[in-house]
Structure formats: C-alpha cells, structure tokens
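Below are the chains, spelled out letter by letter.
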Amino acid sequence: GGGLAVGTLLLIEEDIYGVYSHLLFKYFLAEGVVCGHDLFVASAKELPANILKELPAPLLDNCKNEVREETTTVTSEDDSMQIAWRYQNFPKVEASPNTSSRFGHYYDISKTMSSELFHSIKCHSFFLPEEPSLQPTVKMHNMNCGYARLLQSIQKIIYQEGFDGSHPQKKQKNILRIGIQSLGSMLWGDDISCTDNPEDAHSLTKFLYVLRGLLRKSLSACIITVPAHLIQNKAIMERVTNLSDVVVGLESFIGSERETNPLYKDYHGLIHVHQIPRLNCLICDVSDTKDLAFRLKRKQFTIERLHLPPDLSDTVSRSSKQELAAAAKLLSSGCGAGAGGKKHLDF
Amino acid sequence: QGKFTLLRDTRTDGSFLVHHFLSFYLRAGCKVCFVALLQSFSHYNIVAQKLGVNLTAAKERGQLVFLEGLGSCLDVVFGEEEPEEEQEAKQPHPLQFLSHCGARSAWAGGGSECQNLLLFQRDLRALLPRGRVLPAAVCIKFVHYIYIFCQGNIVMLVHSDEDSEDKENELLVTSLCHHSDLILWADSIPSALC
C-alpha cells in the first residue's frame, strides 16, 4: 500500500518522548511541500514556522518543476487519490529517484529543506498561544476553546481557499495537508492527559467528529499526533480510534528494558497498526504483516517487518525462551486477539 | 410493527452487514431511510454499486432518504447563528439532529410511508446537536422512540469490545440487545488475524 487517501485522517499515538512521531509529522509536511500541496500546521507548543524550518530535505536529482507534474488531478472528493507519505517497507537507496511512475519521495533527514522549495507553497499556521481567545458561540460552547478555535480556523481556510469546491478555482485543484501536533495534551487546554476523570471527556471526540466531516467534504488530508500514553482514560482512546481512519501507535525503546534486549538490537521501536481505513469497500484489507519495527539511521527513517530470530539452540536458557515467547505473543496480537498463553512452539 | 435487528461487531468490522441490508431492502423495492454517522454518502454509494444497487438513483426516485451525519454536523456547527433566546428555549432533543437534516417531512409521512427503516450507528454518542453529547440513556430512549413511531423494520449497527473500558457504550449495547428481536453478531476467530 502506501499513501493516505484524500479526505481521511491519520492519527499517530506518540511515543513517550515524541521523538519519532514528530519525525513522521515532518515527513508528512515535507511530502506536501515537494508535491506542491498547501499546508496547514497547528500546534500548541511549537511555532509552526519553526516546525517548517526543520523539514527534511528531499532527495531530488532534477529541478523541482518535474516533481510538481506528478500531482494528479482529482475528479471527486472521495476518489482514492493517494498522497505519499514516508512509509518505506524495505530500505533501499535509489540513485535516480525521479521517474513519473514513482510514488512518494525520499528524504535525507540529516539535512533540512531549503527555503526555495517553500516559495510557491501556501502555508497556513495555527499557534494556539498566539490566537485571540474565542468568543464562545452557543454551538461550540461545550467544546474546549482551543479545539473550537482550531476548527474554525481550518474551516475558514478550507472555505476561503476553495478546497471544498465552494469557489470554482481557475487554477488546478490542490490538496490541503493538515498537521496537528500533540492534540489532547494539556497545552490545548484539555485535561484528558493529566487525569483519570477529566472534566470534559468529550471535547476531543467532538472535535474529531467535526474534523472528519470537514475532511470528507474537502480535498484535504490530515495527520494528528496524540500523546496517547498520557491519556489514562482508555474509553476516550477507544472513541478516538473509532473516529479516525488510520491509527498507528509508536512505541520507542528509549528508556525501556527493550533497549537492551538482543531481539530488538537493530531497531529503535515498534509500530502498532491499530486501525486501517475502510473506504469505499465492504471490508478493510488486512495486511499480512502485523509486526513492524522502525529504526532511525543517520539519513533515513525506515520501517521494516520485525523478524524474530529462530530459536535454534537447545542451550538457550529458560528465561530467554520465555522472553521470546512473550515477545511473540505481544507482537502477534496486533489489532486483534492473539492466541493466548505463554506457550511457545517446540520444533 | 416491524422487527428490530441489531448488528453487533467485536474485534472486527461489521459494516458489511449494513451494506448488505441496505442493498437487500432497496432491491426488494422497500422504502428506506438510512442514517450514516461515520461515513459519507459516496462511500456507501460506491459499495452499493459493487453490490448492484445505485443509491443516487434510489434517492432521486424517492425510495431512499439518506441522512448524512458528517455533512449535517458541519451545518450545525458552522451554519448560521440563531438568536440566543431561541436556542436556549429549545431543550436538547435527540431528534433535533434528524430534524436539522430536514428529515422532518420524511418522519411526518411516518408509518405508512416508511416501510423499512435503516439506521447505522457506530458511535451514536458522538452526535452533537447543540454541542451536547448524548448520554447512553438518551440514545436508548431515542431508539425506542423510533421503534414505536416507525412501523417498519429497524436495523442498527453497534460496536462492542470485551475488554472495553467505555462503560457508556457497553450500557447502550446491552440495552439495545434487550430491545432487539434479532441479533447478528460478527466476531473474529481467535486464530485469525483480525
């Protein structure tokens, strides 16, 4: 697969320190720049302009005009037009990445994107601390102020720039890429990430529902990172998952016992796919691979299938066999119920 | 009085059943009112075409009334402001959402016209007429109201998980199970991957 369909929402459950989720966030935006899409960046903790300064540099041999031509035209909102985002299953380095049938681009994260590439890109930003406080309208008065303000801002851009088809554009139709950082954190004024019984447990779900409506009715795609590890109330995360199209959880090994576990020595963390989209089809297509791990190299962030080493030796001690079995159980449970128990297969 | 069929899914996606019922009733020539809360019209249209039914045509000839939650919520949230007094005067009513969709006429035609009624709820409590989330108790009353008011069949999809911590949803699902005449439950096999 690969790609995020127009009109859908990708939710990333942040890893504990937010390191890798922020990287994916930047990849998404970088791809938008390279494809010539408009950007909307929202954050409560970091100036969007600063985020944009740190985007990874694309690996392009030819000038950027050729890259622009790859954007295809869209006929209807829910056409399955794919926008590429950084999702590389097997690491490979391509000497000449620019062909017209290519889907997605490669980036070098050790370098930042040059500002020339931004010249023709419209970047809209939303930085909560700098937004004027909202006049509470009756419709939104039950929703958290920050979220309500963000929704209004998104809706305004979609309407004004014609992403919802309201002004027939003379120029070629374009896509709006929306990136929202750390939604649900305290900085947005939501207390779901600091208490078991938040005062307003529904603001985030309401926000997501209205956002879903906005996305479905416009030529836009959205990525949101959520500090899920801070949200104690699991019911909220269940509803949040239900309201998103794709949900991916990042689990980094920093500071956990897995960092020293020989099973994971090549990797920096695991990726859990909690939900895949059900779009225009009877039932979603479940991929074979449930166990994905990622690693951050100097120039690249790669996602690979996780292979457990075969348990060959008889002299392997009991404790490590248990660990292997436990790890196997953990990995294969994926988004469904795995086979229970700690038994491992003896060959 | 028609039958109330509850579709339920756990650990898997049971919406294929909804697509089935929708095309089944339409092909049989029944009048259908469909409430879609989480997906857009075009999603259902595309799948229905694969099943041999054209939703757009059905809508045009009046066989199908399609209420799209996502679109209507945008009207509610970003639509025109009504004067404050009017808003305060109205009590949050579960049917407010549907009436706002312009479904009043469809409902008023009532029992005789709506031979078959189809509802698809995935997360009913996410509804926000006037910015208030419907608690489970209200949803249950709402469904019961429809059941009595409408003389056709009702089909509804809910999601539940065994280890779910969402007590409100569990309450809603359990209650609907009691109210229903037939339950179709889609569950994944433990050995299968989702």
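A quick note: this is a predicted structure, and the numbers were derived from the prediction, not measured. (Residues numbered from 1 in each chain as written. Chains lettered and ligands numbered in written order. Predicted model: local features only at pLDDT ≥ 70, side-chain atom pairs only at ≥ 80, totals over all residues. Heavy atoms only, no water.)

Caption draft 1: View of the packing of helix α5 (residues 203–216) of chain A against helix α6 (residues 234–242) of chain A. Residue and element names in this part refer to chain A. Where α5 meets α6, the axes come as close as 10 Å, and the angle between the chain directions of the two elements is 0 degrees. What the angle tells us is that α5 and α6 run roughly parallel. Contacts between α5 and α6 pair Leu 204, Thr 205, Leu 208 and Arg 212 from the former with Arg 239, Val 240 and Asn 242 from the latter. Classifying every residue of the contact of α5 with α6 gives 3 nonpolar, 2 polar and 2 charged. (Axes fitted to C-alpha atoms, helices over the stretch in contact; angles between N-to-C directions. Helix = DSSP H or I, 4+ residues; strand = E, 2+ residues; numbered from the N terminus. Parallel < 35°, antiparallel > 145°, perpendicular 65-115°, else oblique. Contact = heavy atoms within 4.5 Å. Nonpolar A, V, L, I, M, F, W, Y, C, P; charged D, E, K, R; others polar.)

Caption draft 2: Fine view of helix α1 (residues 15–27) of chain B. All names here are of chain B. With 13 residues, α1 extends 18 Å between its outermost C-alpha atoms, agreeing within 8% with the 18 Å of an ideal straight helix rising 1.5 Å per residue. Looking only at α1, the buried set comprises Ser 15, Leu 17, Val 18, His 19, Phe 21, Leu 22, Ser 23, Tyr 25 and Leu 26. Residue Gly 29 follows α1 closely and has a positive phi angle near 90 degrees. (Expected span 1.5 Å × (residues − 1). Buried < 20%, exposed > 50% of the residue type's maximum accessible area, 1.4 Å probe, protein only.)

Caption draft 3: How the structure looks around the pattern of salt bridges. Residue and element names in this part refer to chain A. Counted according to the given criterion, the structure contains 7 salt bridges over all chains. Glu 54 serves as the salt-bridge partner of Lys 26, at 3.5 Å between the closest nitrogen and oxygen. Pair noted here: Lys 26 is in helix α1 (residues 19–35) and Glu 54 is in the loop between α2 (48–53) and β4 (56–58), with a separation of 28 residues, a long-range link. By relative accessible area, which is 13% here, Lys 26 ends up buried. Taking relative accessible area as the criterion, Glu 54 reaches 34% and is therefore assigned partly exposed. We note a salt bridge from Lys 122 to Glu 161, for which the minimum N-O separation is 2.8 Å. With Lys 122 in the loop between β6 (107–112) and β7 (123–127) and Glu 161 in the loop between α4 (145–160) and β8 (176–180), this residue pair connects regions lying 39 residues apart in the sequence. Judged by relative accessible area, Glu 161 falls into the buried class, the value being 18%. A network of salt bridges, in which partner residues are shared, links Asp 108, Lys 111 and Lys 299. (Salt bridge = Lys/Arg side-chain N within 4 Å of Asp/Glu carboxyl O.)

Caption draft 4: Focus on the sheet that holds strand β13 (residues 301–305) of chain A. Residue and element names in this part refer to chain A. Strand order in this open sheet of 9 strands is β7-β3-β8-β9-β2-β10-β11-β12-β13, and the pairing throughout is mixed. Among the strands making up the open sheet, the edge pair consists of β7 and β13. On average, each strand axis in the sheet is tilted by 20 degrees relative to the strand beside it, whichever way the strands run. The pairing of strand β3 (residues 38–43) with β8 spans 5 bridges and is classified as parallel. Within β8, the residue paired with Ala 42 across the bridge is Ile 180. Seen against the sheet, α6 touches β2 (9–13), β9 (220–226), β10 (246–252) and β11 (269–275) and runs at an angle of roughly 150 degrees to β2. (Pairing = 2+ DSSP bridges.)

Caption draft 5: Fine view of a nonpolar patch on the surface. On the surface, A:Ile16, A:Tyr17, A:Val19 and A:Ile254 cluster together into a nonpolar patch covering about 380 Å² of accessible area. With a relative accessible area of 33%, A:Ile254 lands in the partly exposed category. (Patch = residues over 30% accessible without salt bridge, like charges linked within 9 Å, V, L, I, M, F, W, Y side chains within 5 Å. Areas by Shrake-Rupley, 256 points an atom, 1.4 Å probe, with all protein chains shown as cover.)

Caption draft 6: Here's a closer look at unusual backbone geometry. Unlike most non-glycine residues, A:Ser182 shows phi in positive territory, near 50 degrees. For A:Ser182, the position within the fold is in the loop between β8 and α5.

Caption draft 7: Just the environment of B:Thr5, in detail. All names here are of chain B. Looking at the secondary structure, you find Thr 5 in strand β1 (residues 4–10). Taking relative accessible area as the criterion, Thr 5 reaches 5% and is therefore assigned buried. Taking the C-alpha atoms as reference points, Thr 5 and Ser 175, separated by 170 residues in sequence, lie 13 Å from one another. What Thr 5 contacts, discounting residues up to four positions off in sequence, is Phe 21, Ile 154, Val 155, Met 156, Leu 182 and Leu 184.

Caption draft 8: The arrangement of α1(A) in detail. Residue and element names in this part refer to chain A. With 17 residues, α1 ought to run about 24 Å at 1.5 Å a step, and its terminal C-alpha atoms sit 25 Å apart, in line with that. Along α1, 16 of the 17 residues are buried, which leaves the element largely enclosed by surrounding structure. Looking one or two residues past α1, Gly 36 carries a phi angle of roughly 80 degrees, positive in sign.

Caption draft 9: Layout of the nonpolar core. All names here are of chain A. In terms of nonpolar packing, the biggest core is built from 50 residues, with Leu 150, Ile 180, Leu 183, Trp 188, Phe 207, Leu 211 and Ile 224 touching the most fellow members. When residues of this core are assigned to their parent elements, the largest contribution, 8 residues, is made by α5. Setting aside residues up to four positions removed in sequence, Leu 183 forms contacts with Tyr 147, Leu 150, Trp 188, Leu 204, Phe 207, Ile 224, Thr 225, Val 226 and Pro 227. (Core = buried A, V, L, I, M, F, W, Y, C linked by side-chain atoms within 4.5 Å.)

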